[in-house]
Amino acid sequence: MNDKVTLMKGNEALAMAMIRYGADGYFGYPITPQSEVLEKLEEEMPWETTGMVVLQAESEVAAINMVYGGAMTGKAVCTSTSSPGFSLMQEGVSYLAASEVPALLINVQRGGPGLGTIHASQADYFQACKGGGHGDYHMIVLAPSSVQEMADMVALGFDLAFKYRCVSMILADGTIGQLMEKVVLPEQRPRRTDDEIRQQCPWAVNGRKGMRPSNVVTSLELDDDKMEENNWRFQACYREIEKNETRCELIDVEDCDYLITAFGTTARVAMKTMELARAEGIKVGMFRPITLWPFPEKQLREAAKNVKGILCVELNAGQMVEDVKLAVECKMPVEHYGRFGGNVPTPDELLNVLKEKLINK
Amino acid sequence: MINEIVIAGFGGQGVLSMGKILAYSGLMEDKEVCWLPSYGPEQRGGTANVTVIVSDERISSPVLNTYDVVVVLNQQSLDKFESKVKPGGILMYDTYGIHKKPTRTDIKIYPIDATEKSIEMKNSKTFNMIVLGSMLKVRPMVTIDSVLKALKKTLPERHWHLIPLNEEALKEGGNLIKE
């Protein structure tokens with residue numbers, strides 16, 4: 001047995017990956033189904049090993065503003081929450097984006113709207129990808145569909161956030177958070193020193209030591225022309241991200257007649273549906289976006305070139321399906337199937353839907 | 001070979017930990033495994049269930065609605081999961097408190113007196129390991145040796161002295177199956 005392989009919940013893998021990345025701080029407030037992130041961090045006590053700060057804030061609003069403060073100093077900081085908690089954070093998210101500071105945010109989604117249920121949902125796709133807070137901004141949105149990806153996307157999210165000075169988010173769901181699977185954790189990286197941060201983040205407010213003029217990090221700009229200029233700069237950055245950072249997984253798309261598009265937990269369920277369908281001689285392929293924003297439009301358009309129809313499966317009433325339709329320019333039938341309220345469809349349920357909506361139509 | 005299993009019972013019967021030990025046993029044999037609990041308020045009192053998959057191949061969906069092996073430890077769980085055994089699959093239930101027996105004829109049904117055995121062993125906490133022993137006798141997806149290794153890996157060192165008792169319980173569980 002490989003000693004590096006362990007069994008872990010998705011939420012625990014997030015916590016371990018933060019420590020291993022050399023993150024400087026985590027600020028959060030407990031909420032099901034992601035409370036194990038904070039629990040695991042408290043259990044591991046990284047403040048005694050790497051020096052990482054772990055703080056249970058008094059609310060989600062406080063947590064996101066602690067992240068904002070930490071991010072301004074160039075530190076690698078993060079928070080995690082679940083849907084209602086992420087709604088509370090939206091003002092802070094908009095401020096982070098407008099201030100062009102890097103941060104990693106995690107939403108382990110549960111069924112809404114409102115306080116809703118505690119089980120898996122994907123109904124925060126619009127909030128994550130189309131901007132839940134005010135103003136024209138985007139976050140890089142990563143969608144893990146395994147415990148291994150939960151671990152890997154922490155480093156990826158931080159790296160992208162620092163590369164583009166933007167906000168990265170991991171949009172998981174209750175099932176991936178609670179699921180225990182095999183995982184290989186990344187190697188321990190050291191936390192960056194203050195001097196390294198000064199070098200890598202010349203914009204950060206962390207003491208200039210007489211080396212440069214004072215930095216100011218703010219989202220406020222009362223001069224309209226300057227604010228418009230800021231917006232153009234944000235947009236240029238987003239176009240750059242769209243150009244470089246789309247990621248997706250394509251399975252058996254070469255010969256497929258039908259394509260299923262799904263992310264996170266539903267992608268896992270749909271993979272089994274594919275197996276069932278292929279056993280019956282129905283050629284089904286899968287397009288799984290790994291970045292929900294930027295959405296891998298080109299890859300989808302290419303994969304869908306010769307298919308007779310697309311089934312978009314989500315744990316919501318139809319959100320990603322809009323991006324799917326835009327990507328394929330409605331050149332073929334695109335159907336949506338959703339379950340809500342914490343319910344997750346089963347593999348044969350999806351096979352029946354595929355037959356009903358596309359094959360036997 | 002893929003084993004899709006659900007274990008269901010009352011919260012506190014050791015349902016989730018039995019599943020966890022089974023998953024770790026699979027890990028000890030380098031198999032693909034996953035463990036998905038029903039989480040939330042039902043863990044504390046009401047019914048709890050856990051899906052475990054132990055497989056030689058990559059696991060696609062952790063969410064299932066039919067199973068190769070269904071292990072139920074109370075009447076509600078029996079009522080809920082009897083219909084979800086795949087044809088030809090296995091339904092195992094603890095006989096204690098069961099007043100409405102399963103009726104399907106296209107599956108293999110194993111009633112076991114695990115509660116009774118745990119009382120006989122004078123330790124109610126051996127219950128879930130008795131059940132696991134019975135299940136592995138019927139469907140030996142991992143070896144008892146791997147279960148013992150898994151126990152050592154999951155239990156803190158101060159509880160290692162309980163491993164021989166668990167080994168005994170696994171053996172007694174196997175003995176409950178008469179074929």
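Residues numbered from 1 in each chain as written. Chains lettered and ligands numbered in written order. Predicted model: local features only at pLDDT ≥ 70, side-chain atom pairs only at ≥ 80, totals over all residues.

A look at the overall build of chain A
Summing up its helical and strand segments, chain A has 14 helices and 14 strands in all. Scaling as 2.2 N^0.38, a compact globule of 361 residues should have a C-alpha radius of gyration of about 21 Å, and chain A matches this with 21 Å. Projected onto its principal axes, the C-alpha coordinates of chain A cover approximately 70 × 55 × 40 Å. The buried share of chain A, reckoned over its 361 residues, is 52%. In chain A, the proportion of contacts linking residues at least 24 apart, taken out of those at least 6 apart, comes to 79%. (Helix = DSSP H or I, 4+ residues; strand = E, 2+ residues; numbered from the N terminus. Rg over C-alpha atoms; globule rule 2.2 N^0.38 Å. Buried ≥ 20, exposed ≤ 12 C-beta atoms within 10 Å, placed from the backbone. Contact = placed C-beta atoms within 7 Å.)

Some details on the sheet that holds strand β11 (residues 284–289) of chain A
Within a sheet, neighbouring strands are paired by backbone hydrogen bonds and run either parallel or antiparallel to one another. Residues and elements named next belong to chain A. Within the open sheet, the five strands sit side by side as β9-β11-β10-β13-β14. Their pairing is mixed. The sheet is open, and its two edges are formed by β9 (248–251) and β14 (334–338), each paired on a single side. When the angles between neighbouring strand axes are averaged without regard to direction, this sheet yields 20°. Packing against the sheet, helix α11 (residues 264–279) makes contact with β9, β10 (258–261), β11 and β13 (309–314), and its axis sits at approximately 170° to β11. Sheet strands in contact with helix α13 (residues 320–327) are β10, β13 and β14, and its direction is about 155° off that of β13. (Pairing = 2+ DSSP bridges. Axes fitted to C-alpha atoms, helices over the stretch in contact; angles between N-to-C directions.)

So, the pairing of strand β2 (residues 25–28) of chain A
Residues and elements named next belong to chain A. Burial along β2 is two-sided: the residues G25 and F27 and Y26 and G28 are all buried. Where β2 lies against strand β3 (residues 53–56), four bridges are found, and the strand directions are parallel. In the sheet register, F27 faces β3, and the bridge partner there is L55. Note that the unit made of β2, helix α2 (residues 35–44) and β3 has a crossover that is right-handed. Pairing analysis gives two bridges linking β2 to strand β4 (residues 77–81), with the strands arranged parallel. Note that in β4 the partner of Y26 across the bridge is C78. (Right-handed = clockwise from strand over helix to strand, strands pointing away.)

Quick word on the interface of chain A and chain B
At the junction of the two partners, chain A supplies 22 residues and chain B supplies 18 residues. The biggest single contributor to the side of chain A that touches chain B is α11(A), with six residues. Across two bridges, the pairing between strand β8 (residues 180–184) of chain A and strand β2 (residues 32–37) of chain B is antiparallel. Its bridge partner being in β2(B), A:M180 is matched across the sheet by B:W35.

Brief notes about the environment of B:Q75
Residue and element names in this part refer to chain B. Mapped onto the secondary structure, Q75 falls in helix α2 (residues 75–81). Judged by local crowding, Q75 falls into the partly exposed class, with 15 C-beta atoms found within 10 Å. For the pair Q75 and K101, spaced 26 residues apart in the sequence, the C-alpha separation amounts to 8.7 Å.

A word on unusual backbone geometry
The residue after A:T32, namely A:P33, is reached through a cis peptide bond having omega 5°. You can see A:P33 is positioned in the loop between β2 and α2. A cis amide bond links A:W293 with the next residue in sequence, A:P294, at an omega value of 0°. Although it is not a glycine, A:M45 adopts a positive phi angle of roughly 50°. Among the residues examined, A:M45 registers 11 C-beta atoms within 10 Å and is labelled exposed. The residue B:D30 is not glycine, and still its phi comes out positive at about 60°. Along the chain, the position of B:D30 falls in the loop between α1 (15–28) and β2. Classification of B:D30 by C-beta neighbours within 10 Å gives exposed; the count is 12.

Re the pairing of strand β4 (residues 67–72) of chain B
Residue and element names in this part refer to chain B. Counted residue by residue, β4 has six buried out of six residues, so it is predominantly covered. With four bridges joining them, strand β1 (residues 2–10) and β4 adopt parallel strand pairing. Within β4, the residue paired with A8 across the bridge is V72. Taken together, the five bridges between β4 and strand β5 (residues 85–94) define a ladder with parallel strand orientation. In the strand pairing of β5, V70 is matched with L91. As for the winding sense of the linkage, the β-α-β connection from β4 through α2 to β5 is right-handed.

Comments concerning the environment of A:Q299
All names here are of chain A. Within the fold, Q299 resides in helix α12 (residues 297–303). Using a count of 18 C-beta atoms within 10 Å as the deciding quantity, one classes Q299 as partly exposed. Separated by 28 residues in sequence, Q299 and A327 place their C-alpha atoms 9.1 Å apart. If we ignore the near neighbours within four places in the chain, the residues touching Q299 are T246, C248 and L250.

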